[in-house]
Amino acid sequence: MRILHLLLGAVILAFSIWFLDWKVLLESLGRLHTGPIVQVLLLCEVLLLLVAWRWQRIVHDIVDVPVREHLQYFLLGNYLNTFTPANLGGDIYRVVMLVRAGGDRNRLIAAAFAEKSWGLGTYLIVFLVCYAVMKFAYGGASSPEIDAMAIIICMVAVAGGGGLLIIPHIEKYVSACGRFRRIAKLSNFIAGALHAHKPVVQVQIFILSLLNLGLWVFAALILAQDLEIDVTIPELALVAILTEIVRIIPISAQGIGIREGAYSYLFYTMGYSPQDGFILGASIYIILTIIFAVNGMVGWLLG
């Protein structure tokens, strides 16, 4: 299955490259310099450490392990994300290792679900803010595709917000009916995952999620400026967020092919060079993959 995901990613990547102008693609690649690449490498390492800190805050009440051990599991999990779709390999590894350390399996699975939910929720909120800024503050005329995606994301955000209010109350209404008991159990699981922390901890998790996303967009901005792409921060944030959301779909390992194609297509819809978008997307995710590999080595040494 892992080989299938890698092959599928390679096919999607080749399909994306096929439609691009190779000459322009090589010219864009030639504009990259070592200094900005090193800066992005350091930024990516910092943002991954922020993600590790967020995970520690999420699972702190479930299992208390030393910082060194927690970091080891997280870094090795990052390395596993290189080979698995939707970052599932790292999630499974972290849950399994923390269960072995004495944590409750069901609560840790719920914690992994909560982490995904916090990340996705942050994406949706920041996307809508950046879309509004681009439309009204910058006076940007976004493409029909971006407008349609904004409408869909707004609907998902409203539905998600309503779900947070409704889900905790579902169980007591449907658990009495036998055919709905599974729905009750599922709603109880989701509610437990999303309401497991005190408000102060929830604020901390949200702030760490915002910092993580902000550093990711800033890293993309550094590479965009090095490539001489005159893209605004809200536009770049929209592209980065949409690409991360698409990467959640478990089609290829780490979203190979999908992420580069998404950058290329979204840049094209915004009136920029699709070749520049492809090089920007490929560059930042190659850097992220290098960080995953380095983190894997560090995690192994910590063990």
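Residues numbered from 1 in each chain as written. Predicted model: local features only at pLDDT ≥ 70, side-chain atom pairs only at ≥ 80, totals over all residues. Heavy atoms only, no water.

**Student:** Explain the overall build of the protein to me, please; I cannot follow it from the model alone.
**Tutor:** On a plain count of helices and strands, the protein comes out with 12 helices and zero strands. Seen in sequence order, the protein has helices and strands lined up from the N terminus as α-α-α-α-α-α-α-α-α-α-α-α. When each of the 303 residues of the protein is scored for burial, the buried share is 48%. Nonlocal contacts in the protein, meaning residues at least 24 apart in sequence, comprise 75% of its contacts between residues at least 6 apart. As presented, the protein carries roughly 15700 Å² of accessible surface, and 71% of it is formed by carbon and sulfur atoms. (Helix = DSSP H or I, 4+ residues; strand = E, 2+ residues; numbered from the N terminus. Buried < 20%, exposed > 50% of the residue type's maximum accessible area, 1.4 Å probe, protein only. Contact = heavy atoms within 4.5 Å. Areas by Shrake-Rupley, 256 points an atom, 1.4 Å probe, with all protein chains shown as cover.)

**Student:** Sorry, what's going on with the pattern of salt bridges here?
**Tutor:** Close approach of charged atoms allows side chains with opposite charge to pair. This model, assessed by the stated rule, comprises seven salt bridges. As a salt-bridge pair, Glu115 and Arg54 come within 3.8 Å of each other at their nearest N and O atoms. Taken as a pair, Glu115 in helix H6 (residues 105-137) and Arg54 in helix H3 (residues 34-59) lie far apart in primary sequence, 61 residues in all. We note that Glu115, like Arg54, is buried. Across the pair Asp91 and Arg94 runs a salt bridge whose closest N-O atoms are separated by 2.5 Å. One end of the pair, Asp91, and the other, Arg94, are both in helix H5 (residues 88-100), three residues apart, so they sit about a helical turn from each other. By relative accessible area, Arg94 is classed as buried at 7%. The network of salt bridges with common partners includes Arg54, Asp91, Arg94, Glu115 and Lys116. (Salt bridge = Lys/Arg side-chain N within 4 Å of Asp/Glu carboxyl O.)

**Student:** Sorry, what's going on with the layout of surface pockets here?
**Tutor:** To find the voids left in a structure, one rolls a probe of water-molecule size over its atoms. If you add up the space inside the largest pocket, you get close to 690 Å³. For the largest pocket, the lining is made up of 28 residues, of which Arg54, Asn87, Tyr123, Glu244 and Arg247 are closest to its centre. When contributions to the lining of the largest pocket are tallied by element, the ones reaching two or more residues are H3, helix H4 (67-81), H5, H6, helix H9 (199-226), helix H10 (233-247) and helix H12 (274-302). A per-element tally of the lining of the largest pocket places H6 first, with six residues. Looking at the lining of the largest pocket residue by residue, the classes come out as 13 nonpolar, eight polar and seven charged. (1 Å grid on protein atoms, 1.4 Å probe; cavity = no way out; pocket = protein on both sides within 12 Å on 5 of 7 lines; lining within 4 Å. Points joined across faces, edges and corners; volume = space filled by probe spheres on them. Nonpolar A, V, L, I, M, F, W, Y, C, P; charged D, E, K, R; others polar.)

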